Amino acid sequence: MSRVVIVGAGLAGLTAATDLSQAGVEVTVLEARDRVGGRTHGIEVAPGAWIDGGAAYLGDRHTDLAKTIADLGLKTVPTTMEGQSRFVLGHGRVTREGRFPPLSAVALGDLFDQLDDLVHRVRPGAPWRSDIADDQTAAEWAQRNLEHPDARAFFPLFLGEMMAADPADVSVLHMAFYLSSGGGLRYLNAFEGGAQDSRVDGGAHQLCRRLADELGSGVVRLNTPVYTIDQTARSAAVYCEGAMHICDAVVVAVPPPLADEIDLLPDAPVRRTTDRMAPGRAVKVHLIYPEPLWRERGLSGWSVNADGPLMSTVDDSPASGGAGVLTGFVTGRQATRYAALSPAEQRREAIAQSATIFPDLPEPTGFRVTNWVREQYSRGCYAALFGPGDWKLLGPHLAAPHGRVHWAGAETSTEFFGLMEGAIRSGHRAAAEILAHHQPLSS
């Protein structure tokens, strides 16, 4: 029987482990955290009522994710977006129908047309070969191409919502690739009929919990960070605190900047990260009420805000009831600043801003923060950010195996990069590679 060690118990790692186990492979999953789930994370806001502190949404194109949900006996619920939206964009508070901001429609239409043009120039499956220069940041692109003040003002808000990044942190190619990989600008940004159409009923964290349970007792080992992977022509050895695991192959299913900290022996011939690469910066703030009080006032809970810390809010109330939850997204450089505040300061800033956005609501009865910037084994969310030159240099090597070491994770998928769907597809791919190329250890 073959033996495989999987590093990381997120969706990618547990998907690979499931595929391999079902094929008769002996698997061991090593997870540095004290929980499974990776960048999915559940928060109980009332007895039996859970929300997503991490990845949350899916759409009809997320077919592998939908199959996993169904196979595990879980269901989805539609994302609630009925009612008016709030906008605080430097000209007072505006309440209006829909999600289109109270800015020049012509200017924003031109912005979206230019972004669409970039998206159509991305080469699917090999973005590093796209007809897009990889030597400038999205901020430099905006400076050269966006003339109207409304387009320039809205662009960083849009990018923060989509990628948890500031325009200066990502290359134009990475921005275009991310939008293309996710299904295009309008699909990725949409709730009804788009990539944010639905949520997992009871929270996306259940996926990894159930996958781990189905693997059986003792397969997943928590609190076990991996430090070294040493391989020979015949086997690989995975070293963690106080233990060594001998195996035929390894799947490393953690974000590239974290994977790069594992010592590989022998060294990989090419790099998979650069000093410029950084995790996306996101903090999720959860304002908890006895029920979704904004709905009674004809509001959807959606807002977009020019000033932080909450750059946007959305209604994340559990479908089962029990609580009303407004989730605020703090992204980019605001997230870096906000993540460093004390819990009391975080609460004070968020509640003060929510009172400006929704003055008709009482103070929340509960307050929770999911601080991905300070999460040791993520260091950010939603996904790694590629700066100028990174795709051209690293793209061909992100998913290429290094001997017996195979790579998985949402950043290794050119389909739905950075999303739960991409993570699951990468896990299937890594498992298929191993089943096709590695023979069992000699007895």
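Fair warning: this is a prediction, and the values are worked out from it, not measured in the lab.

Caption draft 1: Structural view of the sheet that holds strand S1 (residues 3-7). Strand order in this open sheet of 5 strands is S10-S2-S1-S14-S23, and the pairing throughout is parallel. Unpaired on one side and paired on the other, strand S10 (220-221) and strand S23 (405-407) mark the two borders of the sheet. In this structure, strand S2 (residues 26-30) lies alongside S10, joined through 2 bridges in parallel fashion. Its bridge partner lying in S10, Val29 is registered against Val220. Along the sheet face, helix H14 (residues 420-437) touches S1, strand S14 (249-252) and S23 and points at about 155 degrees away from the line of S23.

Caption draft 2: Structural view of the packing of helix H2 (residues 63-71) against H14. Running from amino to carboxyl end, H2 crosses H14 at an angle of 80 degrees, the nearest separation of the two axes being 8 Å. Compared by their axis directions, H2 and H14 come out roughly perpendicular. Facing Thr63, Asp64, Leu65 and Thr68 of H2, the residues of H14 in contact are Met420, Glu421, Ile424, Arg425 and His428. Class assignment of the residues belonging to the contact of H2 with H14 gives a composition of 3 nonpolar, 3 polar and 3 charged.

Caption draft 3: Quick look at the pairing of strand S13 (residues 243-247). As paired strands, strand S12 (residues 236-240) and S13 are joined by 5 bridges and run antiparallel to one another. In the sheet register, Ala236 faces S13, and the bridge partner there is Cys247. The loop that links S12 with its antiparallel partner S13 comprises 2 residues; one of these, Gly242, has a positive phi angle of about 75 degrees.

Caption draft 4: Structural detail: the environment of Asp134. Topologically, Asp134 is positioned in the loop between helix H3 (105-120) and helix H4 (138-145). Note on Asp134: relative accessible area 7%, which makes it buried. Here the alpha-carbon distance between Asp134 and Gly387, two residues 253 residues apart in the chain, equals 8.4 Å. In contact with Asp134, not counting residues within four places along its chain, are Ser171, Leu173, Gly387, Pro388, Gly389, Asp390, Trp391 and Lys392. For Asp134, the side chain forms a polar contact with the side chain of Ser171, separated by 3.1 Å. From its side chain, Asp134 meets the backbone nitrogen of Lys392 in a polar contact 3.2 Å long.

Rules behind the numbers
- Residues numbered from 1 in each chain as written.
- Predicted model: local features only at pLDDT ≥ 70, side-chain atom pairs only at ≥ 80, totals over all residues.
- Heavy atoms only, no water.
- Pairing = 2+ DSSP bridges.
- Helix = DSSP H or I, 4+ residues; strand = E, 2+ residues; numbered from the N terminus.
- Contact = heavy atoms within 4.5 Å.
- Axes fitted to C-alpha atoms, helices over the stretch in contact; angles between N-to-C directions.
- Parallel < 35°, antiparallel > 145°, perpendicular 65-115°, else oblique.
- Nonpolar A, V, L, I, M, F, W, Y, C, P; charged D, E, K, R; others polar.
- Buried < 20%, exposed > 50% of the residue type's maximum accessible area, 1.4 Å probe, protein only.
- Polar contact = N/O pair within 3.5 Å; in protein donor to acceptor, adjacent residues only side chain to side chain.

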